[in-house]
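Architecture and fold: a report
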Amino acid sequence: MNVEQIRNYCIEKKGVTEGFPFDEETLVIKVMEKMFALVNLVPPFSINLKCDPEKAIELREEHEEITPGFHMNKKHWNTFSLEGRLTSTFIKEWIDHSYNCVVKGLPKKDRDRLAEL
């Protein structure tokens, strides 16, 4: 899965915005103003995704392409290399997981507003 495909997949979700708050090389994708994906736009291509802490550890143990989140809270974030053997279906599954983790943690008023979109 390439960077453009990831971006397109993410921005189709409800309540999503994108921007470059840190630098021109890191696309930050948010749901209701909360980050759920950070995409490195220069080689080595990767995506940081939020993850349930127990699942985060399991993923790192099972896949060499998945490491603790670069510049993120290592308990809750993983970095997925886009240059390895991870399939598009697998990456989409974890993008969905990240999005859902963030939505679950939103205040009720924001979840309700998101549901209305």
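Residues numbered from 1 in each chain as written. Predicted model: local features only at pLDDT ≥ 70, side-chain atom pairs only at ≥ 80, totals over all residues. Heavy atoms only, no water.

**Considering the overall build of the chain**
Within the chain one finds four helices and six strands. Element order for the chain, N to C, with α for helix and β for strand: α-β-β-β-β-α-β-β-α-α. For the chain, the C-alpha radius of gyration of 14 Å lies close to 13 Å, the compact-globule estimate for 117 residues. Once the C-alpha set of the chain is aligned to its principal axes, its extents read approximately 40 × 30 × 25 Å. Scored against the burial criterion, the 117 residues of the chain give a buried share of 39%. Restricting to contacts in the chain with at least 6 residues of sequence separation, those with at least 24 account for 47%. Of the roughly 7,000 Å² that the chain leaves accessible, carbon and sulfur atoms contribute 51%. Averaging the locations of the 17 positively and 20 negatively charged side chains of the chain gives two centres separated by 7 Å. (Helix = DSSP H or I, 4+ residues; strand = E, 2+ residues; numbered from the N terminus. Rg over C-alpha atoms; globule rule 2.2 N^0.38 Å. Buried < 20%, exposed > 50% of the residue type's maximum accessible area, 1.4 Å probe, protein only. Contact = heavy atoms within 4.5 Å. Areas by Shrake-Rupley, 256 points an atom, 1.4 Å probe, with all protein chains shown as cover. Lys, Arg positive; Asp, Glu negative; His and termini not counted. Charge placed at Lys NZ, Arg CZ, Asp CG, Glu CD.)

**Some details on the sheet that holds strand β1 (residues 16-19)**
Within a sheet, each strand pairs with its neighbour through backbone hydrogen bonds, oriented either parallel or antiparallel. A sheet is described by the order of its strands in space; here six strands give the open sequence β1-β2-β3-β4-β6-β5, paired in antiparallel fashion. At either margin of the open sheet sits one strand with a lone partner, and together these are β1 and β5 (66-68). When the angles between neighbouring strand axes are averaged without regard to direction, this sheet yields 25 degrees. Pairing of β5 with strand β6 (residues 77-81), which is carried by three bridges, proceeds in the antiparallel orientation. (Pairing = 2+ DSSP bridges. Axes fitted to C-alpha atoms, helices over the stretch in contact; angles between N-to-C directions.)

**Description of the pairing of strand β3 (residues 34-40)**
Counting buried residues in β3 gives five out of seven residues, a clear majority hidden from the surface. Here strand β2 (residues 26-31) hands over to β3 after two residues, with methionine 32 in that stretch at a positive phi of 50 degrees. As paired elements, β3 and strand β4 (residues 46-50) share four bridges and run antiparallel to each other. Across the sheet, the residue bridging to leucine 38 is asparagine 48, located in β4. Between the end of β3 and the start of β4, which pair antiparallel, lie five residues.

**A look at the packing of helix α1 (residues 3-11) against helix α3 (residues 88-105)**
Where α1 contacts α3, the axes come no closer than 11 Å and their chain directions differ by 40 degrees. Considered as vectors, α1 and α3 are oriented oblique to each other. Like other packed secondary-structure pairs, α1 and α3 cross with a definite hand, here right-handed. Side by side, α1 and α3 meet where Ile6, Tyr9 and Cys10 of the first sit next to Ile91, Lys92, Ile95 and Asp96 of the second. A breakdown of the residues in the contact of α1 with α3 according to their chemical character gives five nonpolar, no polar and two charged. (Parallel < 35°, antiparallel > 145°, perpendicular 65-115°, else oblique. Left-handed = near helix turned anticlockwise from the far one by under 90°. Nonpolar A, V, L, I, M, F, W, Y, C, P; charged D, E, K, R; others polar.)

**A look at the nonpolar core**
Counting residues in each nonpolar core, the largest one holds 31 residues, and the members touching the most others are Ile6, Ile29, Val31, Phe36, Ile47, Phe80 and Ile95. Those elements that place two or more of their residues in this core are α1, β2, β3, β4, α2 (53-62) and α3. For this core, the element with the most residues is α3, which contributes seven residues. (Core = buried A, V, L, I, M, F, W, Y, C linked by side-chain atoms within 4.5 Å.)

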